[in-house]
Amino acid sequence: MSDVKIDGVAEVIIWYAVERSLPDASVTVMVKSSDRSEPIFPGYWDDDAGMWFSAHNMELEGVTHWAEMPVGPV
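Bear in mind that the values here come from a model prediction, so they are computed numbers and not experimental data. (Residues numbered from 1 in each chain as written. Predicted model: local features only at pLDDT ≥ 70, side-chain atom pairs only at ≥ 80, totals over all residues. Heavy atoms only, no water.)

1. With respect to the overall build of the chain
Part 1 of the reasoning: When helices and strands are counted, the chain shows 0 helices and 6 strands.
Part 2 of the reasoning: Tracing the chain from N to C terminus, the helices and strands come up as β-β-β-β-β-β.
Part 3 of the reasoning: Put simply, the chain has 74 residues, and 26% of those count as buried.
Part 4 of the reasoning: Look at the contacts in the chain between residues 6 or more apart in sequence, and 50% of them connect residues 24 or more apart.
Part 5 of the reasoning: Of the roughly 5800 Å² of accessible surface on the chain, 52% is carried by carbon and sulfur atoms. (Helix = DSSP H or I, 4+ residues; strand = E, 2+ residues; numbered from the N terminus. Buried < 20%, exposed > 50% of the residue type's maximum accessible area, 1.4 Å probe, protein only. Contact = heavy atoms within 4.5 Å. Areas by Shrake-Rupley, 256 points an atom, 1.4 Å probe, with all protein chains shown as cover.)

Right under this line is the structure:
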């Protein structure tokens, strides 16, 4: 068996159901959608429009959950 050293950062991701909680408007978060081939991707909630958008400003449907973006290594 070889000695393996792993340099890593662990973060806890908490997913929120959209029926119970929404993120602050226009803040990029991770979204889970049932209508996409890539089920988890960056997006944001728009209070004025009352809908979800991808990070590329495309309207999203079927968003079921959201989570804050991870911080990543520092």
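2. What to know about the sheet that holds strand E1 (residues 16–17)
Consider a sheet: its strands pair through backbone hydrogen bonds, and that pairing is either parallel or antiparallel.
Part 1 of the reasoning: In space, the 6 strands of this open sheet follow the order E1-E6-E2-E3-E4-E5, with antiparallel pairing throughout. Two strands bound the open sheet, and with one partner strand each, they are E1 and strand E5 (59–60).
Part 2 of the reasoning: Strand direction decides the pairing type here: strand E3 (residues 40–46) and strand E4 (residues 51–54), joined by 4 bridges, are antiparallel. Each residue of the ladder has a partner; that of Gly43, found in E4, is Ser54. (Pairing = 2+ DSSP bridges.)

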